[in-house]
Amino acid sequence: MRLENLHVDDIRSSLIAKQYSAVELVTAYLKRVHDVNGSLNAFLTVMADEALEQARALDSRISSGENAGPLLGTVIAVKDNILMKGVRTTAGSKILDTYKGAYDATVVDRLRSAGALFIGKTNLDEFGMGASTENSAYGATKNPWDPSRVAGGSSGGSAAAIATAMSCAALGTDTGGSIRQPASLCGVVGMRPTYGRVSRNGMIALSSSLDQIGPVTKTVGDAAAVFLAMAGRDSLDVTTVEKQLFIPQEILGDITGMRIGVPKEYFIEGMDPEVEKTVRKALKQLEKLGAKIQEVHMPLTPYSLAVYYITVVSEASSNLARYDGVRYGSKLPRSSTFREAYRRLRGDELGEEVKRRIILGTFSLSQGYFDRYYLQAQKVRARIKHEFTKVFDTVDCLVAPTSPTVAFALGEKFSDPLTMYLSDIFTTPASIADAPGISVPCGFVRGLPVGLQFMTAPFDEKTLFKVAHAYEQATDWHTRMAPLA
Ligand code: GLN
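What this report covers is the structure whose coordinates are included nearby.

The rules behind each value
Residues numbered from 1 in each chain as written. Predicted model: local features only at pLDDT ≥ 70, side-chain atom pairs only at ≥ 80, totals over all residues. Heavy atoms only, no water. Helix = DSSP H or I, 4+ residues; strand = E, 2+ residues; numbered from the N terminus. Rg over C-alpha atoms; globule rule 2.2 N^0.38 Å. Buried < 20%, exposed > 50% of the residue type's maximum accessible area, 1.4 Å probe, protein only. Contact = heavy atoms within 4.5 Å. Patch = residues over 30% accessible without salt bridge, like charges linked within 9 Å, V, L, I, M, F, W, Y side chains within 5 Å. Areas by Shrake-Rupley, 256 points an atom, 1.4 Å probe, with all protein chains shown as cover. Salt bridge = Lys/Arg side-chain N within 4 Å of Asp/Glu carboxyl O. Axes fitted to C-alpha atoms, helices over the stretch in contact; angles between N-to-C directions. Parallel < 35°, antiparallel > 145°, perpendicular 65-115°, else oblique. Left-handed = near helix turned anticlockwise from the far one by under 90°. Nonpolar A, V, L, I, M, F, W, Y, C, P; charged D, E, K, R; others polar. Near = heavy atom within 4 Å. Polar contact = N/O pair within 3.5 Å; in protein donor to acceptor, adjacent residues only side chain to side chain. Disulfide = S-S within 2.5 Å. Pairing = 2+ DSSP bridges. Right-handed = clockwise from strand over helix to strand, strands pointing away. Expected span 1.5 Å × (residues − 1). Arc of directions from axis to C-beta.

## Concerning the overall build of the chain
In step 1: When helices and strands are counted, the chain shows 15 helices and 13 strands.
In step 2: By the compact-globule yardstick of 23 Å for 485 residues, the chain fits well, its C-alpha radius of gyration being 21 Å.
In step 3: Dimensions of the chain, computed from C-alpha atoms along their principal axes, come out at roughly 65 × 55 × 45 Å.
In step 4: The burial tally for the chain puts 60% of its 485 residues in the buried class.
In step 5: The long-range share in the chain, meaning contacts at least 24 apart out of those at least 6 apart in sequence, stands at 75%.

## Some words on a nonpolar patch on the surface
In step 1: On the surface, a cluster of nonpolar side chains totalling about 200 Å² of accessible area is made up of Leu365, Phe370 and Leu375.
In step 2: Note on placement: Leu365 falls in the loop between helix H11 (352-364) and helix H12 (371-391).
In step 3: A relative accessible area of 31% places Leu365 in the partly exposed class.

## Some remarks on the packing of helix H4 (residues 106-113) against helix H7 (residues 220-230)
Two quantities define a packed helix pair, namely the angle between the helix axes and the distance between the axes.
In step 1: With their axes 8 Å apart at the nearest point, H4 and H7 run at an angle of 110° to one another. With respect to H7, the element H4 is oriented roughly perpendicular. Here the hand of the crossing between H4 and H7 comes out right-handed. Across the interface between the two elements, Val107, Arg110 and Leu111 from H4 touch Val226, Ala229 and Met230 from H7.
In step 2: Residue composition of the contact of H4 with H7, by class: five nonpolar, no polar and one charged.

## Let's talk about the site of the ligand
In step 1: Around the ligand lies a shell of 15 residues, among which Thr175, Gly176, Ser178, Tyr308 and Arg357 are the nearest.
In step 2: Taking Gly128, its main chain carries an N or O atom lying 2.9 Å from a nitrogen atom of the ligand.
In step 3: Ser178 is positioned such that a nitrogen or oxygen atom in its side chain is 2.7 Å from an oxygen atom of the ligand.
In step 4: In isolation the ligand offers 290 Å² of accessible surface; the protein chains occlude 99% of this area.
In step 5: Looking at the shell around the ligand residue by residue, the class counts come to five nonpolar, seven polar and three charged.

## Structural notes on the environment of Val262
In step 1: You can see Val262 is positioned in strand S9 (residues 259-263).
In step 2: Exposure remark for Val262: the relative accessible area of 8% places this residue in the buried category.
In step 3: Taking the C-alpha atoms as reference, Val262 lies 33 Å from Asn123; in sequence the two are 139 residues apart.
In step 4: Leave out the neighbours within four places in its chain, and Val262 touches Phe267, Leu283, Ile293, Gln294, Glu295, Val296 and Val399.

## Some remarks on the state of the cysteines
In step 1: One pass over the full model with this rule turns up zero disulfides.
In step 2: Cys168 takes part in no disulfide bond, and the closest cysteine sulfur to it belongs to Cys186, at a distance of 17 Å.

## Regarding the pairing of strand S2 (residues 75-79)
In step 1: Of all five residues making up S2, five are buried, and the element is well covered by its neighbours.
In step 2: Along S2, one buried face is formed by Val75, Ala77 and Lys79 and the opposite face, lined by Ile76 and Val78, is buried too.
In step 3: As paired elements, S2 and strand S3 (residues 117-122) share five bridges and run parallel to each other. Paired with Lys79 across the bridge in S3 is Thr122.
In step 4: Handedness of the crossover joining S2 and S3 through H4: right-handed.
In step 5: Two strands pair when backbone bridges link them, and S2 and strand S6 (residues 169-174) are joined in this way by three bridges, in the parallel orientation. Paired with Ala77 across the bridge in S6 is Ala170.

## Some remarks on the sheet that holds strand S11 (residues 397-401)
In step 1: Ordered in space as S1-S3-S2-S6-S8-S7-S12-S13-S11-S9-S10, the 11 strands form an open sheet in which the pairing is mixed. Of all the strands in the sheet, just strand S1 (43-46) and strand S10 (292-296) have a single pairing partner and so form its edges. In this sheet, neighbouring strand axes are inclined to one another by 30° on average, regardless of whether the strands run parallel or antiparallel.
In step 2: Strand direction decides the pairing type here: S6 and strand S8 (residues 212-217), joined by six bridges, are antiparallel. By the bridge assignment, Leu171 is partnered in S8 with Pro215.

## Side note on helix H10 (residues 338-349)
One turn of the α-helix equals 3.6 residues, which is why residues spaced by three or four share an orientation.
In step 1: Spanning 12 residues, H10 covers 16 Å between terminal C-alpha atoms, matching the ideal 16 Å at 1.5 Å per step.
In step 2: Buried within H10 are the following residues: Ala341, Leu345, Arg346 and Glu349. Buried residues in H10, looked at end-on, bunch into an arc of 110°, giving them a common side. Seen from the buried face of H10, the exposed residues on the opposite side, beyond 90 degrees, are Arg339, Arg343 and Asp348.

## Some thoughts on unusual backbone geometry
In step 1: Going from Gly153 to Ser154, the amide bond is cis rather than trans, its omega being 10°.
In step 2: The phi torsion at Ala91 lies on the positive side, around 55°, for a residue other than glycine.
In step 3: Along the chain, Ala91 turns up in the loop between S2 and H4.
In step 4: Owing to a relative accessible area of 0%, Ala91 belongs among the buried residues under this scheme.
In step 5: One non-glycine residue, Arg446, lies in positive phi territory at about 50°.
In step 6: Structurally, the position occupied by Arg446 is in the loop between strand S12 (437-445) and strand S13 (448-455).
In step 7: For Arg446, a relative accessible area of 61% corresponds to the exposed category.

Here is the structure:
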């Protein structure tokens, strides 16, 4: 069984045809995790016993001829800010070191009903705050193409796990780029759904108006399969909506005549010129496939990063108030006063970046500053959303780089938060506009993967997957395996 070649559909048909059992499949993935994870630190928790137990149950359902779901046997790794009942869930923070999920997130429920199996929980920047996974309280995840470099973040564990075939699919969360950017840096596919498409129930909130859960996989087809199994309205998340989805076959086929916009503002001074060259080559490839490439202008793009960071710090400062030493995770230490106990708990158990954001966010929400920061950011956000809506009058899809650079060295940006924030320059606009985006591998620079980002209008994931799939099928970047695998 060559794990790197296994995809959602062939696992399903092989299990039904009894070419191998679910137990054999899970055993093979667990062995890979055992061999590779030590050098990468992609998993925080490996659910070996649970995964084998799920596999045995699946095998008996298969032999009794029970109706198999679309994800039958898909082995999934779950980012550790998504709850699974009874399973340790840290969000990469010391403050949740001993916390166990009280219930299954809606996405976990839906994937399980579709036939998926869960292999473990993956590393992340603490509460999703970061672009390198170095902000995890449990150590950084290393890049499988070069372990002296970062895996990207915050879903770095999920991306590294897929790049080395430690799992068939993984879940990430994307607030400002945390699925797309690590996918780009690790050479895999990562997709952020439209805001409101996938339930956030059971996700540990970072920024509630931006957070979305999405798939990380080896191929676009696998990402679409996992996305379809999770998407749709959920009564436990009032921001989800019932909007038409598509069937997997609809993303196949050619893209002749598809209007693809290249926003000028996504090719900026300071980006790696080799990354730009690689992306421009990909544009030529899309043209060869019959797409009509045209330059478009989105002049508000440069404001996205500022709008994003004001929004994320403000909403995070409010969301993180719940780690009070009473309700979740670590308990208040013994101390003479409540104030001192609270100060010690949050002072000792939250990381530097988390504390920085709580302070900045509390400031931007304070009386006298609210109008100037949070409210102002929401006004600009509305304008950016409008700019996105308008551009889709003239094009069906946008294409741009996912990240201005390839994977950077561990430690390179760690002590300079502003440079780290710049990693999100091309991924925050879609987040701000509630739009979906996907990153697919499009080449290598100095031996490190480069990602190509597609974006469409909100709820047009069908076009998003279709263009990405056509591009993928015309290239072989997705078939390269990281050397550590
Ligand atoms: N890097 C961004 C941040 O630090 C994005 C994080 C995310 O999408 N969770 O906020």
